[in-house]
Protein chains: 2
Amino acid sequence: MFNNRVKIKALLAGDTIGQEVTVMGWVRTFRNNQFIALNDGSTNNNLQIVVELGQLDDATLKRITTGASLRVTGEVVASVGKGQTVEVKAKQLDILGDSDAEKYPLQPKRHSPEFLREIAHLRFRTNTFGAIFRVRHSLAFAVHKFFNEQGFVYLHTPIITSSDAEGAGEMFRVTTLPATNPPLNDDGSVNFKEDFFGKSTNLTVSGQLEGELGAMAFSEIYTFGPTFRAENSNTTRHLAEFWMIEPEMAFYDLEDNMDLAEKFIKYIIQYAMDHNREDLEFLAQRLVEEEKQLPQDKRSELGLIEKLEFVLNNGFERITYTEAIDILLNSPAYKKKKFQYEVKWGIDMQSEHERYLVEKHFKKPVIVTNYPKDIKSFYMRQNDDGKTVAAMDILAPGIGEIVGGSQREERLELLEQRMREMHVPVEEMSWYLDTRRFGTVPHAGFGLGFERIVLFVTGMTNIRDVIAFARTPKNCEF
Amino acid sequence: MFNNRVKIKALLAGDTIGQEVTVMGWVRTFRNNQFIALNDGSTNNNLQIVVELGQLDDATLKRITTGASLRVTGEVVASVGKGQTVEVKAKQLDILGDSDAEKYPLQPKRHSPEFLREIAHLRFRTNTFGAIFRVRHSLAFAVHKFFNEQGFVYLHTPIITSSDAEGAGEMFRVTTLPATNPPLNDDGSVNFKEDFFGKSTNLTVSGQLEGELGAMAFSEIYTFGPTFRAENSNTTRHLAEFWMIEPEMAFYDLEDNMDLAEKFIKYIIQYAMDHNREDLEFLAQRLVEEEKQLPQDKRSELGLIEKLEFVLNNGFERITYTEAIDILLNSPAYKKKKFQYEVKWGIDMQSEHERYLVEKHFKKPVIVTNYPKDIKSFYMRQNDDGKTVAAMDILAPGIGEIVGGSQREERLELLEQRMREMHVPVEEMSWYLDTRRFGTVPHAGFGLGFERIVLFVTGMTNIRDVIAFARTPKNCEF
């Protein structure tokens, strides 16, 4: 057994003065040949290790460099220094692994996010990324905890799919055929019968359709898994591979759907506030520092913690798409021709429109409902007006769309008709339509892009900084 | 708002007699034009709805068929019938969706698992698959709960990877290049610079290497995500797409690793026993029924519940690979030439060998350690004997290998040497080697195939029956 250590988070939180403990971790700084700041990733807070002058030989002292790994046994004592209440007086110190100070890319100073993206395999060791990924962990756990408490069944919908009906975006092809000279049919097309699955297959863009199958048996299910878009979008908000949460609920209408989504988002934010306060305070301070470079009017009006508290304590605004367009048309921004894109009923709102609504007009999350049917998917429930569908998008300040959902069309005839209009292959989707043939019920669901909510909660601005190893066009490192 | 229902599980569990409630669900059976068995997926237990004779017209009565969906409001009353303590006396009954009895594939009788695999989109509505997927949910939740309680960080390692060094098996290629006439280099090879990521990419076979990067910052991380094998294995234990859990821990040696794995497996089984007792009892009974067709000596010695209790209450046997080979060589089975495959030191044990060890010799889960280095991966820590590595596999009765893990080689020189011997590209893997260059520490980890543990806990025998939509060679439906 090697693992007899106490985690630094537990040590700092507990009443441990006078105990002899063993700790292990990595050196963040070493001052005056006496004071080691040791971090083990359990918290951003370092443990101060105190080495007595003369206790270690010079050769050992030289090896205590930033990034080196140590095992230290010693007594926990009250600290007289600033910044910590306890420290460990080293009795035994072993260097587990060296770190050549000349070569180690991380130094105890601020590194740019761009530089750290290049060394994503090491950036977890910084305060910022330590905090981000502990918050991400807590948000992910809170997702599972929320749905488990509500009695939802976690369904693992398939990643590889032969269906391309979801229509959510461009897809990656999955194949075991040779890249050159694949087997061909007589007409010169590729003979996918020879491919692994005997047909052409892709990476999923959504688990919704399969999720609906589960909801028609368990009433309430959710998915939480990776999804893919083969779109050449090099933005701060898009990834080719990202994680999505998709609950799907029988016996829900659009209002039930909105209520659940709002409750869910508040629950996971509250969980992070309760369990990652120190990380969030660190990230709040980071945001303040970062925004110092910006002119006053570009800075966030609220600090990170205040923003999250505001979301927790206020209802999301709920407006129809038609109302949203009216607000835009009557806005000073529109009258001063500040919008780049056209505003009129029927448009797919652009980021500038969504941001105006949430950041300027309402200054809070907004749920927009009942979008024009022509800009939405075939499976959304048609409203009686013949023009709109029972869709809902949740827009968040600084992020834009964070949730997209709808009540689903449960009426077989209307669904089939809409599929034909939108050229969705009705026969291939017979399994999906069976849910409407046999015991159909009103039902609804939504998708939440997990990285978008991590962005929102951490105050980061580039989505590549909140996923461990980002996959974007021309970029698939590690 | 539509969703004003009480879930049947809550109704049956609570003290609800005398209350007026609304329930919604699907009809399982309808007897004597009076007694509806209604199921909403929250539990395998149906709620009995009682309709008074003459209360509904004939046209409505005819529509109450297996699979139809209903909304019922009425009073909860004590039941005089067998099999339930309470029932609902219908005051208002609405048919939400019809189910044509002539066409609905599920009838209130036993269907074969093979038939149900063909209609995997409907099989969730059966008692067996309802129970399986509720147990699967609980096991998944328990995975997250266990690691969260232990302070592990949940890391989403990438699904699309440009690395093929994991060496765990054949890979699927991920591409956006056209299937015919892809862009070529001058030498006739495919020009992957034109592919989405600017290089050739695959679906991951393991998140371990990226997991190690996380462990070198957070000390303890875990992954839980889909993994892929493009292997043409049409067996009852293999899937092309499956979910895997991979914890990775700094400051752990092999013994710490075994301790964690055993504690983890017991924790998630205990969780299912505590939260899914009814589902497990149903599955136990199913197993008894299924095994009635088998000769006595092929039936399970223990019932499902007893088997799980046995695992919970007994330590896993721990033996070295060398001891395992000795046991096999000295076994009656070997002496009677009952093994199909050769037994000698150095072999990669076959299923028949593993099953002999766990099912005949020890009759409990077995952890086999210190395998010959030549049959294991490059990253496993080399033992001082020069022949073996600090690997560990956990073998379970009826399943075989359920966990594969090891202490990792933390010594840079030995690791590089082994990579060269095994033709792993050292330069491409420089990011991985950085963990050994900068603050390397003893560390370990393991992988657990999630569907394997679901098989073990549910007593099912075909892995296609414990994943929602199985992906296997020539099969990618739904």
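Only a predicted model underlies this, so the values are computations on that prediction, with no experimental measurement involved. (Residues numbered from 1 in each chain as written. Chains lettered and ligands numbered in written order. Predicted model: local features only at pLDDT ≥ 70, side-chain atom pairs only at ≥ 80, totals over all residues. Heavy atoms only, no water.)

A. Just the confidence of the model for chain A, in detail. Of the residues in chain A, 99% have a pLDDT of 70 or more, and the chain-wide mean is 96. Interface confidence in the predicted complex, given as ipTM, is 0.97; pTM for the same model is 0.97. (pLDDT = per-residue confidence, 0-100.)

B. Fine view of the packing of aromatic side chains. Applying the stated rule across the entire model yields 55 aromatic pairs over all chains. Centre to centre, the rings of Phe196 of chain B and Phe197 of chain B are 4.8 Å apart; their planes meet at 75 degrees, and the pair counts as edge-to-face. As far as the burial class goes, Phe196 of chain B and Phe197 of chain B line up, both buried. With centroids separated by 6.2 Å and ring planes inclined at 45 degrees, the aromatic side chains of Phe264 of chain B and Phe446 of chain B adopt a geometry described as tilted. Placement of Phe264 of chain B in helix 6 (residues 254–275) and of Phe446 of chain B in strand 16 (residues 443–449) is noted, with a sequence separation of 182 residues between them. The two residues Phe264 of chain B and Phe446 of chain B agree in class, both being buried. An aromatic cluster of three or more residues is present, and its members are Phe124, Phe133, Phe469 and Phe478 of chain A together with Phe218, Phe378, Tyr379, Trp431 and Tyr432 of chain B. In this arrangement the basic side chain of Lys387 of chain A is found over the ring face of Trp345 of chain A, its NZ or CZ atom lying 4.9 Å from the centre. Looking at Lys376 of chain B, its charged tip hangs above the ring of Tyr371 of chain B, at a distance of 4.3 Å from the centre. (Phe/Tyr/Trp six-rings, centres within 6.5 Å; stacked < 30°, edge-to-face > 60°. Buried < 20%, exposed > 50% of the residue type's maximum accessible area, 1.4 Å probe, protein only. Helix = DSSP H or I, 4+ residues; strand = E, 2+ residues; numbered from the N terminus. Lys NZ or Arg CZ within 6 Å of the ring centre and 35° of its normal.)

C. Quick peek at the domain arrangement of chain A. Residues and elements named next belong to chain A. Split into domains, chain A comes out as domain 1 (8–109) and domain 2 (125–170 + 205–465). Taking only C-alpha atoms, the centre of domain 1 and the centre of domain 2 are 44 Å apart. Taken together, the 10 residues of domain 1 in the interface contact 9 residues of domain 2. Here domain 1 packs against domain 2, burying approximately 740 Å² in sum over the two surfaces, 30% of which is carbon and sulfur. Taken together, the connections running from domain 1 to domain 2 amount to 0 salt bridges. The tally of links between domain 1 and domain 2 comes to 7 residue pairs in polar contact (both at pLDDT 80 or more). (Domains from an automatic or database assignment. Contact = heavy atoms within 4.5 Å. Buried area = accessible area lost by both parts, 1.4 Å probe. Salt bridge = Lys/Arg side-chain N within 4 Å of Asp/Glu carboxyl O. Polar contact = N/O pair within 3.5 Å; in protein donor to acceptor, adjacent residues only side chain to side chain.)

D. Looking closely at the environment of Ala391 of chain B. All names here are of chain B. With respect to the element layout, Ala391 can be found in strand 14 (residues 388–396). The class of Ala391 is buried, set by a relative accessible area of 0%. Here the alpha-carbon distance between Ala391 and Met380, two residues 11 residues apart in the chain, equals 6.6 Å. Leaving out residues up to four positions away in the same chain, Ala391 has contacts with Leu254, Val368, Thr369, Asn370, Tyr371, Lys376, Met380, Gly405 and Ser406.

E. Structural context of the sheet that holds strand 1 (residues 20–31) of chain A. Residues and elements named next belong to chain A. The strand order around the closed barrel built from 5 strands is 1-2-3-5-4, with neighbouring strands paired in mixed fashion. Put simply, the sheet's adjacent strands are angled 55 degrees from each other on average, direction ignored. Across 3 bridges, the pairing between strand 3 (residues 47–50) and strand 5 (residues 86–97) is parallel. When the sheet's bridge partners are listed, Ile49 is paired in strand 5 with Val88. (Pairing = 2+ DSSP bridges. Axes fitted to C-alpha atoms, helices over the stretch in contact; angles between N-to-C directions.)

F. Broad picture of the packing of helix 4 (residues 127–149) of chain A against helix 6 (residues 254–275) of chain A. Residues and elements named next belong to chain A. Running from N to C, helix 4 and helix 6 cross one another at 130 degrees; their axes reach a closest spacing of 9 Å. The orientation of helix 4 with respect to helix 6, classified from their angle, is oblique. Like other packed secondary-structure pairs, helix 4 and helix 6 cross with a definite hand, here right-handed. Listed contacts from helix 6 to Ser138, Leu139, Phe141, Ala142, Val143, Lys145, Phe146, Phe147 and Glu149 of helix 4 are Leu260, Lys263, Phe264, Tyr267, Ile268, Ile269, Tyr271, Ala272 and His275. Looking at the contact of helix 4 with helix 6, its residues break down into 13 nonpolar, 2 polar and 3 charged. (Parallel < 35°, antiparallel > 145°, perpendicular 65-115°, else oblique. Left-handed = near helix turned anticlockwise from the far one by under 90°. Nonpolar A, V, L, I, M, F, W, Y, C, P; charged D, E, K, R; others polar.)

G. Fine view of the pairing of strand 3 of chain A. Residue and element names in this part refer to chain A. Residues of strand 3 alternate between two faces, with Leu47 and Ile49 on one and Gln48 and Val50 on the opposite face, all of them buried. Relative to strand 3, strand 2 (residues 35–39) runs antiparallel, the two sharing 4 bridges. The partner of Phe35 across the bridge, within strand 3, is Val50.

H. Spotlight on the pairing of strand 15 (residues 400–407) of chain A. Residue and element names in this part refer to chain A. Counting buried residues in strand 15 gives 6 out of 8 residues, a clear majority hidden from the surface. Where strand 14 (residues 388–396) meets strand 15, 6 bridges bridge the pair, whose relative direction is antiparallel. Bridging across to strand 15, Met392 finds its partner in Gly405. Taking the residues between adjacent antiparallel strands as the criterion, strand 14 and strand 15 are bridged by 3 residues, where Gly398 takes a positive phi near 80 degrees. With 5 bridges joining them, strand 15 and strand 16 (residues 443–449) adopt antiparallel strand pairing.

I. Seen up close, unusual backbone geometry. In this structure, Phe478 of chain A is a non-glycine residue whose phi angle is positive, near 70 degrees. Mapped onto the fold, Phe478 of chain A is located in the segment after helix 14 (450–458). Phi is positive for Phe251 of chain B, close to 70 degrees, though the residue is something other than glycine. Relative to the assigned elements, Phe251 of chain B resides in the loop between strand 11 (241–250) and helix 6. Looking at Phe251 of chain B, the relative accessible area reads 0%, which means it is buried.

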